[in-house]
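Analysis of the macromolecular model
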Amino acid sequence: MNEWRKVKLGEIINILNGYSFKKEDFSEYGIPVIKIKNIKSLIVDTEDVQFVNENFYEAKKKYRVNYKDILLSMTGSHISQINSVVGRVARMKKIGKYLLNQRVAKLVSKDKKILNEDFLYYFLSQEETTYQLALSAGGSANQANIGNNNIYELIINLPSIFLQEKIAKILSDIDEKIELNNKINNNLNFFVIIILYFLHQFLHSLI
């Protein structure tokens, strides 16, 4: 039941590549488009986005980005520039209407009874996996590119679906605790600044 086996990703996942929006497709408001620049380290940054007309959302259903989708950058820097390295993976953590731009790939399990997508995400988010993708990339000195085959050729060590779910749950719980701690720390920092501000105002009034 808990036997592990080595499998090529191409056997167990499908890759959807983003749509090639044209410059004239973009507008001041509408449906946000997820581009390479929005794929940060493990998160999808939706603060700095461009928009397309809402009609695209109905016409391009294939390219919708949904909650918990796994996204991967197909273009980026070489391994020496880790913050913008090709093969960065991120998870959509927001619920809403989004579309996927070219050179960003969405990875999905062919059969969720064989591959748990949470487990897939944690495999892809490992530094070793990103390193392998970056090493396999082609392109110029300033830009690295990977294709679907670079991803399909990755080898994943796959346990039973039961164990995949257990491992993914543990890692997910850890992520949630880290995220909660970060929010608490940010709130504490905010309140400290407010307290110091009012303390400064009070002391100034005594002078």
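See the structure printed just above.
The structure contained in this document is the topic of the report that follows.

**A short note on the nonpolar core**
- L9, I13, L107, L124, I151 and I156 are the most contacted members of the largest nonpolar core, which totals 29 residues.
- Contributing elements (two or more residues each) for this core: β2 (13-17), β7 (70-73), β11 (104-109), α2 (117-124), α3 (127-136) and β14 (155-158).
- If you tally residues by element for this core, the top one is α2, at six residues.
- Not counting the four nearest positions on each side in its chain, I156 is found in contact with R5, K6, V7, L9, I12, L115, F119 and F123.

**Some remarks on α2**
- The element α2 is extensively covered by neighbouring structure, given that seven of its eight residues are classed as buried.
- Among the residues of α2, those classed as buried are E117, F119, L120, Y121, Y122, F123 and L124.
- The opening residue of α2 is N116, an N-cap whose side-chain oxygen sits 2.9 Å from the backbone nitrogen of D118.

**Here's the deal with unusual backbone geometry**
- Its identity is not glycine, yet K68 carries a phi of approximately 75 degrees, on the positive side.
- Here K68 is to be found in the loop between α1 (55-59) and β7.
- Residue R103 is not a glycine yet carries a positive backbone phi of 65 degrees.
- For R103, the position within the fold is in the loop between β10 (99-100) and β11.
- R103 gets classed as partly exposed once you look at its relative accessible area, which sits at 31%.

**Some thoughts on the environment of Y131**
- Locating Y131 in the fold gives a position in helix α3.
- The exposure class assigned to Y131 is partly exposed, which follows from its relative accessible area of 44%.

**Comments concerning the side chain of R88**
- Relative to the assigned elements, R88 resides in the loop between β8 (75-76) and β9 (89-91).
- The charged side chain of R88 is buried without a salt bridge, its nearest counter-charge being D45 at 10 Å.
- Dropping the residues within four chain positions of it, R88 is found in contact with I36, I39, L71, L72, S73, T75 and N83.

**Observations regarding the packing of aromatic side chains**
- Enumeration according to the criterion identifies five aromatic pairs in this entry.
- Ring centres 4.8 Å apart and planes at 75 degrees place the aromatic pair Y19 and F21 in the edge-to-face group.
- Since its relative accessible area comes to 6%, F21 is described here as buried.
- Between Y19 and Y63, the aromatic rings sit 5.4 Å apart at their centres with planes inclined by 55 degrees, giving tilted as the arrangement. Of this pair, Y19 sits in the loop between β2 and β3 (26-27) while Y63 sits in the loop between α1 and β7, placing them 44 residues apart in sequence.

**Some thoughts on the sheet that holds β8**
- On the basis of which strands lie adjacent, the open sheet formed by three strands has the order β8-β13-β12 and antiparallel pairing. With one partner strand each, in any of the chains shown, β8 and β12 (138-139) form the two edges of the open sheet.
- Pairing between β8 and strand β13 (residues 144-145): two bridges, direction antiparallel. Across the sheet, T75 pairs through a bridge with N145, a residue of β13.

**Some remarks on the pattern of salt bridges**
- The full count for this structure, using the stated rule, is eight salt bridges.
- Notably, a salt bridge pairs K94 with E47, separated by 3.4 Å at the nearest N-O pair. Separated by 47 residues along the polypeptide, K94 in the loop between β9 and β10 and E47 in the loop between β5 (42-43) and β6 (50-52) bring together distant segments of the chain.
- For K94, a relative accessible area of 35% corresponds to the partly exposed category.

Criteria and cut-off values
- Residues numbered from 1 in each chain as written.
- Predicted model: local features only at pLDDT ≥ 70, side-chain atom pairs only at ≥ 80, totals over all residues.
- Heavy atoms only, no water.
- Core = buried A, V, L, I, M, F, W, Y, C linked by side-chain atoms within 4.5 Å.
- Buried < 20%, exposed > 50% of the residue type's maximum accessible area, 1.4 Å probe, protein only.
- Helix = DSSP H or I, 4+ residues; strand = E, 2+ residues; numbered from the N terminus.
- Contact = heavy atoms within 4.5 Å.
- Polar contact = N/O pair within 3.5 Å; in protein donor to acceptor, adjacent residues only side chain to side chain.
- Lys, Arg positive; Asp, Glu negative; His and termini not counted.
- Salt bridge = Lys/Arg side-chain N within 4 Å of Asp/Glu carboxyl O.
- Phe/Tyr/Trp six-rings, centres within 6.5 Å; stacked < 30°, edge-to-face > 60°.
- Pairing = 2+ DSSP bridges.

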